[in-house]
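Take a look at the letters that make up each chain.
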Number of protein chains: 2
Amino acid sequence: MAKWVYSFGAGLNEGRSDMRNLLGGKGANLAEMASIGLPVPPGFTITTDLCTEFYKNGRRYPDELTGQVNDALKRVEEAVGLTFGDSTKPLLVSVRSGARVSMPGMMDTVLNLGLNDATVAGLAASANDDRFAWDSYRRFIQMFGSVVLGVDHHRFEEIIEQAKIEAAVVEDTDLTAADWQNVVEGYKDLVAEETGKPFPQDPREQLWAAVGAVFGSWENPRANTYRRLHDIPADWGTAVNVQAMVFGNMGHDCATGVCFTRDPSTGENIFYGEYLVNAQGEDVVAGIRTPQPLSNLRAKPGEVPLETAMPNAYAELMEVRETLERHYKDMQDIEFTVQRNKLYMLQTRNGKRTAAASLRMAVEMANAGLIDRAEAVRRVNPSSLDQLLHPTLDPKAPRVLLAKGLPASPGAAVGAVVFNADEAESRALKGEAVILVRIETSPEDIHGMHAARGILTTRGGMTSHAAVVARGMGRPCVAGAGGIAVDYNGQTLTTGGKTVRAGETITLDGATGEVFQGSVAMIEPAMSGDFGTLMTWADSFRRMGVRTNAETPLDAETAVKFGAEGIGLCRTEHMFFDPERIGAVRQMIVAGTEAGRRAALERLLPFQREDFRRLFTIMAPLPVTIRLLDPPLHEFLPHADAEIAEVAESLGTDFDTMKRRVEELSEANPMLGHRGCRLGITYPEIYEMQARAIFEGAILVAKETGKAPVPEIMIPLIATRKELEITRAQVEKVAAEVFAEAGRSIEYSVGTMIELPRAAMLAGQIAEVADFFSFGTNDLTQTVFGLSRDDAGKFLPAYIDAGILAKDPFVSIDVEGVGEMVRIAAEKGRKTKNGLKLGICGEHGGDPASIAFCESVGLDYVSCSPYRVPVARLAAAQAALGVGGDRTA
Amino acid sequence: MAKWVYSFGAGLNEGRSDMRNLLGGKGANLAEMASIGLPVPPGFTITTDLCTEFYKNGRRYPDELTGQVNDALKRVEEAVGLTFGDSTKPLLVSVRSGARVSMPGMMDTVLNLGLNDATVAGLAASANDDRFAWDSYRRFIQMFGSVVLGVDHHRFEEIIEQAKIEAAVVEDTDLTAADWQNVVEGYKDLVAEETGKPFPQDPREQLWAAVGAVFGSWENPRANTYRRLHDIPADWGTAVNVQAMVFGNMGHDCATGVCFTRDPSTGENIFYGEYLVNAQGEDVVAGIRTPQPLSNLRAKPGEVPLETAMPNAYAELMEVRETLERHYKDMQDIEFTVQRNKLYMLQTRNGKRTAAASLRMAVEMANAGLIDRAEAVRRVNPSSLDQLLHPTLDPKAPRVLLAKGLPASPGAAVGAVVFNADEAESRALKGEAVILVRIETSPEDIHGMHAARGILTTRGGMTSHAAVVARGMGRPCVAGAGGIAVDYNGQTLTTGGKTVRAGETITLDGATGEVFQGSVAMIEPAMSGDFGTLMTWADSFRRMGVRTNAETPLDAETAVKFGAEGIGLCRTEHMFFDPERIGAVRQMIVAGTEAGRRAALERLLPFQREDFRRLFTIMAPLPVTIRLLDPPLHEFLPHADAEIAEVAESLGTDFDTMKRRVEELSEANPMLGHRGCRLGITYPEIYEMQARAIFEGAILVAKETGKAPVPEIMIPLIATRKELEITRAQVEKVAAEVFAEAGRSIEYSVGTMIELPRAAMLAGQIAEVADFFSFGTNDLTQTVFGLSRDDAGKFLPAYIDAGILAKDPFVSIDVEGVGEMVRIAAEKGRKTKNGLKLGICGEHGGDPASIAFCESVGLDYVSCSPYRVPVARLAAAQAALGVGGDRTA
């Protein structure tokens, strides 16, 4: 018989922390904490397998589940000496979801389950506190009502508001036991009215309904969105944890809190957290009351830290902190409750952190011997380095402060104010920089947060939804800026007498919590010492080289600063758009004859030679891979009639000729058209000019600097061996000419992009005439999937929602299809030419999961945009250390 | 030491007919004829390997060649008792090319080589005929001058014209020995003037120059064009044949002729040919004098057949005919010369023939026991069947006869008159039907002949260039219509007082030689008894099924008549363009909501159901494979503003909304866009409607006829297993609904196109949810090559000229790349599901070479357009019999 239920606490711990796939993160760690002696209220976990089984069988449970739950519940009853549903000493439980990875805000929780009209009296009696008991009962009905029964939670709030008006009080805390009892009556009426049935009084019915709601919530739209953004497969499922309740809201010797064993924002080795006295856990996370700090060191005037309020509990918590870090060897994010001065641990997990914190903690823990260097390298998520590489505000730049909030997620951002998530997304899609401004955020806002450059909220703390999610996403965030009033209807924010309208620009500094009017100048990030240390460690582990995709001197310099070991892709067509040159380019294209093209190319040659001279000067003696002209020629032509007329005039031709030529050059499917080496074959003079510019530029640099660059000339869009043979011969002919003219030669090589399925299949033949392969996985993805990157936006999101594709294949390589092509081509190429140099220069070259794939097929290097170079260095190191690319933690 | 030279004739035959790859067709057959005792003048063949070696070594010969040629030449001298260069008894030789396959008109020939100012006297003496000797000498200078030395042949003609004026005669035959001697002097002056050197007098210098010219001509533009049109690889090379001259122009007891052992036009078992008395071979082929028939049976009033003129030679020729057919077991195309009543054989080869002739001969030879049925099936080129399946003129249609010429190549054609090949090609590319009209054609016209629907010449016989080439190409041709005067400058043809201008329409009947004014109605071809016999034999050998691509009742009926065993591809989108429907289709597309789409689909359902009902009625109980909607939706939308306005009004929406929707739907690369199953996934209601129409239509037919059709529902553009899973589930849901409503069910299956590289790579997974695969090799070719069919025209011809691609990969499957994908997918699919049904439905399904490939990977069926069904049946039989697809003979 399958085991669906695992007990923890009170001496029976059937789980361990390494069983998170089965028990979820929360359940596994509750068992682990209990087993190392920490105070965990007893309970049990229903496994993620059961969730999968549940969905597989049309949302039905296996028969044996009821018995296993009953047995585990009985054990809890015995451990705590209370009985589920007993009217004098009732056992209350919490029911929480717990997936394999933490999904904050995504899943639903029900506390105080087991209360009904009878057991509420028993709770009151055993706690000796009527008000606590009725408050707990109304919390339970409210949570259960909204989460399990689907009653709008605002309807419950309205009843409380009404009760406060009737009692003539302002705060919830001023309501009495009798007031709460009235609220409970109102709640029960509301539920009966909304659902057509009375609120369930049977605790077991409550329990099964809550368990069902947790499993059901695994596939709600919020959860699906979160999983999509975080690349979590839908088939992982969630576990359900049922645990004896402990109460942080039983009086002023009770509290509840969340904290991190180190500062999750900076990584500083200091206890960092918040608590609320006389409260239940959700009060802290919801950000409704402003929490207090834990340690005296962090307290500001007027705050009452836990260290002062409950010194014993605080001391015990400090010991727990030490124990957990020693045990887990990582920073922990913990939840605790103090019930009548006694500490209970309700959760521990590896804490989410900023990139800076992750880096600092990894380096400090390695230096302290808690972990080794390889582990330090493994621990930092390469994608998160992006945060460190983004600009910060220029300290010398003038600025007008609007308001100040909490520094919830580091980094600076400038953008136009928008007040809702949908607008943030739609404007961002148009390429606008936007700042999402909300009173507070909720899971419904995630897509807008993702689309925005930064997030500003006027309510909530450092662990509010906005703060946690923004840090996870690497978005700058200022949270709880209470001085700002937001008017959604009027589409304005007001602060200190100033009003900012939607569409106007503001600047956020997520490191200080400051909000500025207008746009404040930003500066390049300075790499911290920890960053350099970790990169050095990473370089010591990695096998693959890391190059950059760059064609401008600025990009090349940035990339070298970030540690690029050469250029893996210099797109020569990008050099053609310069206003000084586009005239000659257009002249070349519009020319109907070879002579006309040659005349125009003659004008382009000096520019192109100078481009290469500058690039080579920066990069020499590192290799520079130069891709000859690739895109369809008509991309360079004007399209509107007015532009056509202008160009016609500047080229001394008439409008009709120009228009006809543009039409001749237009293509039904330009991606599959007359481009790449097909241009080089039909108009050999183009590649000849480019080859000449490369060799002349290289020889100039060799003469000027004494450091000869190593051009690697790359022919795009090869489908057959013969194409490469012909274009290679062109290049070699020009090389011989230039070397003869200059009286000296330089080293160079000629290779090809592998970016068409045919090239991959025929890679063995192609390798006979190639010095290297560079996988152009952008185009390869387009052709393998038959999917235009420009057009995929119309259905790709639906595909990811429907689970057809786990990820956008243009972001992370499709290992099964595109990856298989790369593997086949790599094998065939190397079979022909042992040690053939292999690289990748698609966008995937900067994606950690794709880099892990590249390691697995033995590529020699990856090439990516300059800002992704550190990401790639770290990811390549992790790949060499065997870390899979699919990290979602 | 390599052997470069092979002797034949006079008792030493080093070659055989099966050595054609080495010796060329001509050389191999000369040796073969000599070895079976036929009268062949002695000579030798320089091999095709030497040609390859020649090009490989920068057009230089290996050292040992001279010695081998000298030895072979010496043997010829001894055999005929003449000496090369001897002034009294000079040996003269012919030098001819001879490639592996016959290339009529493509290669160059030099006759009478060895003549000079000294040997001409010896020839005159030994022939006892001064006129013959000087005529031969001038012929030699003229041929050698134009072919080897590159002097324009018109310049030589001018000298003859001048000589005739001076001698006051009209015909060449009226010129005397002295006249010819003057012509020779004029020729020598011309050569000296044009080349700066005197005409070469050294026979060995002449010989080597002629050999070099033959090898050099292998890569002239005409040869390259011919090879491209006939799929002949450039690396095959040509051989050179050097042979002792015999003379058909030594007097009235001499003749030269070409003939076929059976009628190459009808296949009738009758000797068929032409000869000229007192002439050299090129006089017949050039079509300058009108030849006479061979047999009395075929003689018209006034003609003098060979049978009457030279009865002994004729009798001998009849014996040769019997011997050759018994020996070669095929119809032979032979060249002969009668020198002073003695017959010499100069060439034999398998004769080119029309499809009808090929068919008739194959069937008759099998029935006569000369070959077996398998050989009969092997012998007919499937591509040539096209000719039999094309329309002929309706005998009852009214017509206005313009002129009558020779019935040079069967079939009827209607088109606009054009007078040059380039224009024929350019207008045909625009989709116009054109008739190429020329006084006579030459190899420079081949591209225009290929592009034209039919060819008309006013000069030349049944074996003229125009006639031979047109038959080979399957183009209707009327040759030698002497009643028509062509004025190239005025761009008119005139006959019987009527003038037809360029661009006006005429009709040709290639079966009768008639030319009609305007357009004459045509009718479907009736299949001959031989056709049915051969098809039956073919069906007995083939393994693969043959289906058709059809969506209209007419196409389906035609295909069934041609023997289609089901529909392999019914493109449902073609059903949407009907004027009655396009409104609803556009309404569906322009609808922004599912409800809007459903309303429009509701209107389309009855049409689509009726479409299927009619198709099923024709096809039942054969299988019908229906592809659900595939193309990008915007293909159905109007694009010009006026059209948009019209559609907007008809749909009750405004212009701007319509225009915006059209823009929204437009795509950068529609081939890689929102189409195929991506439509079915994002707008499931579309596929649901189509599935409903299919099932409802099928059940109607089952009820009406008692014969249940077997719909095979095919989902296009699958890239992942999940797409097929989802769309298949949609179809199954609709099936269950319809079956429940109708109270009965029918058999059906659900499969997919394999048309994306990813689908091929993941075919193992996809097969888990597919009942069949159909390879969509059009799209697969596009994605494997990254090559848009719509755009490839700009560079594909250049690619084929440059030898990058041997053939257009959209016409004949690229076996190495696309084919490899098909092979991988077939293997993976069958590994998952043993016996998985596999078919092909791209255009390649009707291409014999591609069909041979399909056999090699074990597909179950091919599907092609209705007119290609017989082609496919025969090609599939040949594939099963092991005939490769690359037949060029």
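Residues numbered from 1 in each chain as written. Chains lettered and ligands numbered in written order. Predicted model: local features only at pLDDT ≥ 70, side-chain atom pairs only at ≥ 80, totals over all residues. Heavy atoms only, no water.

Student: Help me out: how do you make sense of the overall build of chain A in this one?
Tutor: Helix and strand counts for chain A come out as 34 helices and 33 strands. Since a compact globule built from 889 residues should have a radius of gyration of about 29 Å, the 32 Å found for chain A is in line with a globular shape. Burial statistics for chain A: of 889 residues in total, 58% are counted as buried. A sequence separation of at least 24 residues applies to 69% of the contacts in chain A between residues at least 6 apart. Entry remark: accessible area of chain A is about 33,100 Å², with carbon and sulfur atoms responsible for 50%. (Helix = DSSP H or I, 4+ residues; strand = E, 2+ residues; numbered from the N terminus. Rg over C-alpha atoms; globule rule 2.2 N^0.38 Å. Buried < 20%, exposed > 50% of the residue type's maximum accessible area, 1.4 Å probe, protein only. Contact = heavy atoms within 4.5 Å. Areas by Shrake-Rupley, 256 points an atom, 1.4 Å probe, with all protein chains shown as cover.)

Student: Any chance you could explain the packing of helix α13 (residues 355-367) of chain B against helix α19 (residues 529-541) of chain B here in plain terms?
Tutor: For any two helices packed against each other, one specifies the inter-axial angle together with the distance between the axes. Residue and element names in this part refer to chain B. Packing of α13 against α19 leaves a shortest axis separation of 9 Å and a crossing angle of 65°. If you check the angle between α13 and α19, you find them roughly perpendicular. Taken as a pair, α13 and α19 cross one another with a handedness that is left-handed. Contacts between α13 and α19 involve Leu359, Arg360, Ala362, Val363, Ala366 and Asn367 from the first element and Asp530, Phe531, Thr533, Leu534 and Trp537 from the second. In the contact of α13 with α19, the residues fall into seven nonpolar, two polar and two charged. (Axes fitted to C-alpha atoms, helices over the stretch in contact; angles between N-to-C directions. Parallel < 35°, antiparallel > 145°, perpendicular 65-115°, else oblique. Left-handed = near helix turned anticlockwise from the far one by under 90°. Nonpolar A, V, L, I, M, F, W, Y, C, P; charged D, E, K, R; others polar.)

Student: Help me understand the relation of the copies chain B and chain A, please; the structure alone is not making it clear to me.
Tutor: For the pair of chain copies, the relating transformation is a rotation about an axis with a translation along it. Overlay of chain B on chain A (RMSD 0.3 Å): rotation 179°, translation along the axis 0.1 Å. Overall, the copies show the geometry of a two-fold rotation axis. Comparing interface residues between copies, 100% of those in chain B also sit at the interface in chain A, which points to an isologous, same-surface contact. (Least-squares fit on C-alpha atoms with pLDDT ≥ 70 in both.)

Student: Where do I start with the packing of aromatic side chains in this structure?
Tutor: Any pair of aromatic rings gets described here by the distance separating the centres and the angle formed by the planes. Taken as a whole and assessed by the stated rule, the structure comprises 38 aromatic pairs over all chains. Between the aromatic rings of A:Phe612 and A:Phe616, the centroid separation amounts to 6.1 Å while the plane-to-plane angle is 25°, which identifies the pairing as stacked. With A:Phe612 and A:Phe616 both in helix α22 (residues 594-619) and four residues apart, this pair spans about one turn of that helix. Residue classification places A:Phe612 among the buried positions, given a relative accessible area of 0%. Classification of A:Phe616 as buried rests on a relative accessible area of 0%. Here the aromatic rings of B:Phe695 and B:Tyr748 are separated by 4.8 Å at their centres, their planes lie at 70°, and the arrangement is edge-to-face. With a gap of 53 residues between them, B:Phe695 in helix α26 (residues 684-705) and B:Tyr748 in the loop between α27 (721-742) and β30 (749-754) connect regions that are remote in the sequence. Judged by its relative accessible area of 25%, B:Tyr748 is partly exposed. Through successive ring pairs, a cluster of aromatic residues spans A:Phe54, A:Tyr55, A:Tyr61, A:Trp208 and A:Phe215. For A:Arg100, the ring lying beneath its charged end belongs to A:Trp236, and the centroid distance is 3.9 Å. (Phe/Tyr/Trp six-rings, centres within 6.5 Å; stacked < 30°, edge-to-face > 60°. Lys NZ or Arg CZ within 6 Å of the ring centre and 35° of its normal.)

Student: Is there a simple way to think about the sheet that holds strand β31 (residues 772-775) of chain A in this case?
Tutor: Adjacent strands of a sheet pair through backbone hydrogen bonds, lying either parallel or antiparallel. Residue and element names in this part refer to chain A. A barrel is described by the order of its strands in space; here eight strands give the closed sequence β26-β27-β28-β29-β30-β31-β32-β33, paired in parallel fashion. With strand direction ignored, the average angle separating the axes of adjacent strands in the sheet is 25°. Two elements, strand β29 (residues 710-715) and strand β30 (residues 749-754), share four bridges in a ladder whose sense is parallel. Counterpart to methionine 714 in the pairing with β30 is glycine 751. (Pairing = 2+ DSSP bridges.)

Student: Sorry, what's going on with the pattern of salt bridges here?
Tutor: Residue and element names in this part refer to chain A. Tallied over the entire structure, the rule returns 116 salt bridges over all chains. Notably, a salt bridge pairs arginine 353 with aspartate 330, separated by 2.9 Å at the nearest N-O pair. Here the residue arginine 353 occupies a position in the loop between β12 (342-350) and α13 (355-367), and aspartate 330 occupies one in the loop between α12 (311-328) and β11 (332-339), the gap between them amounting to 23 residues. Using a relative accessible area of 16% as the deciding quantity, one classes arginine 353 as buried. The exposure class of aspartate 330 is buried, given its relative accessible area of 6%. Look at the salt bridges and you will find they share partners, linking Asp330, Arg353, Glu375, Arg378 and Arg379 into a network. (Salt bridge = Lys/Arg side-chain N within 4 Å of Asp/Glu carboxyl O.)

Student: Before we go on, may I ask you to explain the interface of chain B and chain A in this structure?
Tutor: For interface size, the figure often reported is the accessible area lost on association. Every contact between the two is made by 49 residues of chain B and, on the other side, 49 residues of chain A. Inspection of the chain B/chain A interface yields four salt bridges. Here A:Arg758 ties to B:Asp814 by a salt bridge, and the two come within 2.6 Å at their closest N and O atoms. One can count 22 residue pairs in polar contact (both at pLDDT 80 or more) joining chain B with chain A. Elements supplying a minimum of two residues to the side of chain B that touches chain A: α24 (655-665), α25 (677-682), α27, α28 (757-761), α30 (777-785), α31 (796-801) and α32 (815-832) of chain B. (Polar contact = N/O pair within 3.5 Å; in protein donor to acceptor, adjacent residues only side chain to side chain.)

Student: Would you take a moment to explain the environment of B:Val434 for this structure?
Tutor: All names here are of chain B. Note that valine 434 resides in strand β17 (residues 434-438). Residues valine 434 and threonine 492, 58 residues apart in the sequence, show an inter-C-alpha distance of 15 Å. Excluding residues within four positions of it along the chain, valine 434 makes contact with Gly415, Ala416, Val418, Ala424, Arg427, Ala451, Ala452, Arg453 and Gly454.

Student: Teacher, can you tell me more about the side chain of A:Glu855 here?
Tutor: Relative to the helices and strands, A:Glu855 resides in helix α33 (residues 848-856). When neighbours within four sequence positions are excluded, A:Glu855 is seen to be in contact with A:Arg543, A:Met544, A:Ala876, A:Ala879 and A:Ala880.

Student: Quick question: what am I supposed to make of helix α16 (residues 421-429) of chain A here?
Tutor: Because each turn of an α-helix spans 3.6 residues, side chains separated by three or four positions in sequence point in the same direction. Residue and element names in this part refer to chain A. Within α16, burial applies to Ala421, Ala424 and Arg427. Projected onto a plane normal to the axis of α16, the buried residues spread over an arc of 135° and lie on a single side. Across from the buried face of α16, at angles greater than 90 degrees, the exposed residues are Asp422 and Leu429. Those residues of α16 that are buried are in contact with β16 (412-418), β17 (434-438) and α17 (446-451). A distance of 3.0 Å separates the backbone nitrogen of aspartate 422 from a side-chain oxygen at the start of α16, and that oxygen is part of asparagine 420. (Arc of directions from axis to C-beta.)

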